[in-house]
Amino acid sequence: MMSREKNDRITRIGPGTEAGAVLRRYWQPAALTDELSGPRPVVPVTLLGERLVLFRDEEGELGLIGRHCLHRGADLCYGRLEDNGLRCPFHGWHFARTGQCVEQPGEPEGSRMHENIRTVSYPVVEKNGIIFAYMGPLEEGDTPPEFPDYDCFRAPDSHVFAFKGLWECNWLQAMEVGIDPAHASFLHRFLQDEDPEEGYGRQFRDKAANTNIPMTKLLRDYPRPEIRVEEAEHGMRIISLRHLDDGRTHVRVTNQIFPEAICIPMSREMTITQWHVPIHDGNCYWYSMFTSFGEPVNKEVMREQRLREHTLPDYAPVKNKRNNYGYNPDEQESLTYTGMGLDINVHDQWAVESPGPIQDRTQEHLGKTDVAIIRYRRMLNSAMDALAAGDDGALPATDNAAAIQGPVSIDAIAPAGAGWEDVWRDSDRERRTACSWDAGIGDDETAMSGAAE
Ligand code: FES
Ligand SMILES: [Fe+2]
């Protein structure tokens, strides 16, 4: 349990908050490239509690500026997209990509008033289907930090599919489900192993790493994973061990990428890197980059499948708290642990939304399986302390960021009698060696030593 003050400290992200200051030191997903693909590439973006407008100008350059006109507050999402910026339809004030007001056509001839009017603007960079923004403090002439060399950025565009979805809860509780390896044995439990229909156990279709045991069965039969957490260059590596009755060990390696992303294996060939990006304190978007180490991804099929489960333009899930997530008690008896259908994203959504917009952590009781959550909160608190002390250099994953690779996210099986420590690195190395694009070396192999808990 924690105090209300401490809970506020780690969850609230608006301007002037401590957690918000930490998140602002990292590139944040602001929109999907898809959202700007229409005839008029202008979209509202609310990020970390700030109302902004994102646009692509006639030259293909991106701009992200304050949403409300600095004259009398009209909404620039309705602005005229012209002359490399947005012109407010109310009185014609024109804002450049830099946020600078460059024209006030209704003011007297020769007026220089506009020179002192500049709205907020943030640097934006497009990477494999997602437009990222940097909202940290930058002095005139400073450049924003470099991007890490994570697999999802390093892979060619043909091997990455990006999508997003709205969750009506605080970003932290959304992220915490991703660093909780125990929940899959319960929340995502499928009560049968055969496919009663297409889509059943879709995300667990692979046999668990050459075990010939369906992943659904393995998770169900071994609900008490041994969980180890290591510090890593990108944040944390979480190793979940399920010791099988025949002496083999199932090893699942997942990651927390500081501050608010995770990277997990989806199948033998595919990983998911997923950010939990605050809109306001009480809602967030997940942004996922599905990265293939094998064949190119089929973006049309992947997009169409997910668009069936979401409504535009908000990417709001079709199943949600207003329709009880499709909860069906009969299904809960016979098919799934939740009774909420076959899509595990819906299970996660229920798990993170049902505590309310901001989970009341004064009432929680963490157990052994929550070790990664405990460690993560410690990291976040340390990062906030460092910023409060003016020590920006102490933030995780910022030192020489461009050299940080991986992270390794994989399922593997260690034979009976063999140690599990090497098997996942060997599997990862094999996968990278066979990869058609230059998948690098994974991540820092020396991080293995020490720090295990
Ligand atoms: S409110 Fe935008 S120009 Fe007047
Ligand atoms: Fe989950």
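Each value, and the rule that gives it
- Residues numbered from 1 in each chain as written.
- Chains lettered and ligands numbered in written order.
- Predicted model: local features only at pLDDT ≥ 70, side-chain atom pairs only at ≥ 80, totals over all residues.
- Pairing = 2+ DSSP bridges.
- Helix = DSSP H or I, 4+ residues; strand = E, 2+ residues; numbered from the N terminus.
- Axes fitted to C-alpha atoms, helices over the stretch in contact; angles between N-to-C directions.
- Domains from an automatic or database assignment.
- Contact = placed C-beta atoms within 7 Å.
- Nonpolar A, V, L, I, M, F, W, Y, C, P; charged D, E, K, R; others polar.
- Buried ≥ 20, exposed ≤ 12 C-beta atoms within 10 Å, placed from the backbone.
- Core = buried A, V, L, I, M, F, W, Y, C linked by C-beta atoms within 7 Å.

Student: Mind showing me how you'd approach the sheet that holds strand β10 (residues 130–133) here?
Tutor: Backbone-to-backbone hydrogen bonds pair the strands of a sheet. The strands run either parallel or antiparallel. Taken in spatial order, the three strands line up as β1-β10-β9 in an open sheet, and their pairing is antiparallel. Whereas interior strands pair on both sides, the edge strands pair on one side only; in this sheet they are β1 (28–32) and β9 (124–127). Sheet twist, expressed as the average angle between the axes of neighbouring strands with direction ignored, equals 35°. Across four bridges, β1 lies against β10 in antiparallel orientation. Residue pairing for β10: Ala31 is matched across the bridge by Ile131.

Student: Please clarify how the domain arrangement of the chain should be interpreted in this entry.
Tutor: Many structure descriptions define interface size as the accessible area lost when the parts assemble. Each assigned domain of the chain is listed here: domain 1 (31–133) and domain 2 (149–448). Averaged C-alpha coordinates put domain 1 and domain 2 at centres separated by 35 Å. Contacts between the two partners involve nine residues from domain 1 and, on the opposite side, 15 residues from domain 2. Class assignment for the residues of the side of domain 1 that touches domain 2 results in four nonpolar, four polar and one charged.

Student: I would appreciate a short explanation of the environment of Pro278 in the present structure.
Tutor: Position of Pro278 relative to the elements: it lies in strand β17 (residues 270–280). Looking at Pro278, the number of C-beta atoms within 10 Å reads 26, which means it is buried. Sequence separation of Pro278 and Met266 is twelve residues, and the distance between their C-alpha atoms is 24 Å. Apart from residues lying up to four places away in sequence, Pro278 is in contact with Ile13, Leu48, Trp171 and Cys284.

Student: What is the right way to read the environment of Val43 from this model?
Tutor: The topology assignment puts Val43 in strand β2 (residues 42–47). Between the C-alpha atoms of Val43 and Val301, which are 258 residues apart in sequence, the distance is 25 Å. Here Val43 is in contact with Ala31, Glu35, Leu36 and Leu54, once residues within four sequence places are set aside.

Student: Looking at this structure, how should I read the nonpolar core?
Tutor: Within soluble globular proteins, side chains that are nonpolar generally end up buried alongside one another. If you look at the biggest cluster of nonpolar residues, it comprises 93 residues, and the most contacted ones within it are Ala30, Val53, Leu54, Leu64, Ala133 and Ala174. Element by element, the count of residues in this core is highest for strand β18 (residues 283–292), at six residues. Both domains that furnish three or more residues to this core are identified here as domain 1 (31–133) and domain 2 (149–448). In this structure Ala30 touches Val45, Leu47, Leu54, Leu64, Val124, Ile131, Phe132 and Ala133, once residues within four positions along its chain are discounted. Of all hydrophobic cores here, the second largest spans five residues; its members include Ala184, Met215, Leu218 and Leu219.

Student: Teacher, can you tell me more about helix α8 (residues 344–353) here?
Tutor: Among all positions of α8, only Val346, His347, Gln349, Ala351, Val352 and Glu353 are buried. The secondary structure elements touched by the buried residues of α8 are β12 (160–167), α4 (171–177) and β20 (316–317).

Student: How do you make sense of the sheet that holds strand β7 (residues 94–96) when you look at a structure like this?
Tutor: As summarised here, the arrangement of the four strands in space is β5-β6-β7-β8, forming an open sheet in which the pairing is antiparallel. Each of the sheet's edge strands pairs with one partner strand only, and the pair in question is β5 (80–82) and β8 (101–103). In this sheet, adjacent strand axes meet at a mean angle of 35° when their direction is disregarded. Sheet topology places strand β6 (residues 85–87) next to β7; three bridges connect them, and they run antiparallel. Across the sheet, Arg87 pairs through a bridge with His94, a residue of β7.

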